[in-house]
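A structural walkthrough
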Amino acid sequence: MARRKKGDAVSGWVCLDKPYDLTSTSAVSRVRRAFNAQKAGHAGTLDPLATGILPLALGEATKTVPFLMDADKAYRFMIQWGRSTTTLDREGETTASSDVRPTRDQVEAALPAFVGEIDQVPPNYSAIKVDGERAYDLAREGVEFELKTRKVTVHALRVSAAPDADHIELEMECGKGTYVRAVVRDLAAALGACGHVDQLRRTRVGRFSEDSAIGLETLENLSYEARLSEALLPVETALDDIPALAVTDEDAFRLAQGRAIVLLPRQVESLKAELTPGDRTVSAMSGERLVALCEMRAGKLNPVRVFQLT
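All values reported here derive from a predicted model rather than from experimental measurement.

Counting secondary structure elements, the protein contains 8 helices and 19 strands. For the C-alpha atoms alone, the extent of the protein along its principal axes is close to 70 × 45 × 40 Å. Taking all 310 residues of the protein together, 46% fall into the buried category. Taking all contacts inside the protein whose residues are at least 6 apart in sequence as the whole, residues at least 24 apart take part in 69%.

Listed below in structure tokens is the structure:
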């Protein structure tokens, strides 16, 4: 006899505005408790130092997390000049200091070198695995290691404020795997200065933005008032860039059983026009209900992930 899962079968996304000094794991736990959800996860870790957008998946939405991991992101962050640290942020120990204070004009002149596809060495204090161990765990233990240079993409990088000589605020739009702390480290080096991240806020992940974000305390208050549905976004929210196909009840039933459906020629042509080159992923919708994520091949839709939504 199958063991019954604890909690409620809640499915959907929460666009959480993560507060300062809270780990992503702790944020997931608190949201899961608020909803009494059977299953929960997040799409991309946000450091305790950072605030901002942390998309959380509940129930069947966890099946769509991989699609959001590849989404573009946007950040707003403050650099403090004068001190470099072990963690590349204000919580680390000082590794070097300098009296150099780059001006706004000097920073703006240096930024073009950090836009486009660039080479970046991730911070040692990151979640990247080294021989099966997290880099930040090895760094805390004093183990010496080197992380390999990776290609990352920065779509835009601009100065948004310069409140005083010791601080400058930047905004960045980037692809997956780009580290703000590494950008600050390399920018300071290019300017012959020392600097670290003083404040960091993620303002967007894919289509999840500050406009739809909800604070943790507000969310928990909604829980007390039995109004949590107001904070829950549809499972398909993370699939914004994936073409959707409306299917009949009969085809929805076949897909739910793991069986392929045959497409009409006009459906094939319409989907091909929406798909990016080399991609075959299509979401099958029955009305407003997500039925399955499918692969289009040889005029058919083959279900890859089936969703148990009512």
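There's plenty left to go through after this.
Attention shifts here to the layout of surface pockets. Roughly 1000 Å³ of internal volume is contained in the largest pocket. Thr45, Leu46, Asp47, Ala127 and Tyr179 are the residues nearest the centre of the largest pocket, which is lined by 33 residues in total. Put simply, the parts of the chain that give the lining of the largest pocket at least two residues each are α1 (24-35), β4 (73-81), α4 (135-140), α5 (180-190) and β12 (195-205). Across the lining of the largest pocket, the residue classes break down as 12 nonpolar, 11 polar and 10 charged. Its volume calculated, the second largest pocket comes out at about 410 Å³. Lining the second largest pocket are 22 residues, with Val10, Ser11, Glu60, Gln308 and Leu309 positioned closest to its centre. Its residues assigned to classes, the lining of the second largest pocket comprises 8 nonpolar, 6 polar and 8 charged.

If you look at the biggest cluster of nonpolar residues, it comprises 45 residues, and the most contacted ones within it are Phe77 and Leu170. For Leu170, the contacting residues outside a window of four places in its chain are Tyr75, Arg76, Phe77, Ile79, Val107, Leu111, Leu157, Arg158, Val159, Ser160 and Leu187. Counting 20 residues, the second-largest nonpolar core is a separate cluster that includes Cys15, Val65, Ala238 and Leu239.

Within the UniProt annotation, "active site" (unreviewed entry) is assigned to Asp47. Apart from the residues within four sequence positions on either side, Asp47 is in contact with Lys18, Leu22 and Arg181.

The next thing to look at is the pairing of strand β11 (residues 167-174). Of all 8 residues in β11, 6 are buried, a share of seventy percent or more. Relative to β11, β4 runs antiparallel, the two sharing 8 bridges. Considered in β11, the bridge of Gln80 is made with His167. Linking two consecutive strands that pair antiparallel, namely strand β10 (residues 150-164) and β11, is a turn of 2 residues.

Definitions and cut-offs
Residues numbered from 1 in each chain as written. Predicted model: local features only at pLDDT ≥ 70, side-chain atom pairs only at ≥ 80, totals over all residues. Heavy atoms only, no water. Helix = DSSP H or I, 4+ residues; strand = E, 2+ residues; numbered from the N terminus. Buried < 20%, exposed > 50% of the residue type's maximum accessible area, 1.4 Å probe, protein only. Contact = heavy atoms within 4.5 Å. 1 Å grid on protein atoms, 1.4 Å probe; cavity = no way out; pocket = protein on both sides within 12 Å on 5 of 7 lines; lining within 4 Å. Points joined across faces, edges and corners; volume = space filled by probe spheres on them. Nonpolar A, V, L, I, M, F, W, Y, C, P; charged D, E, K, R; others polar. Core = buried A, V, L, I, M, F, W, Y, C linked by side-chain atoms within 4.5 Å. UniProt positions renumbered as here; feature names shortened; annotations may be inferred. Pairing = 2+ DSSP bridges.

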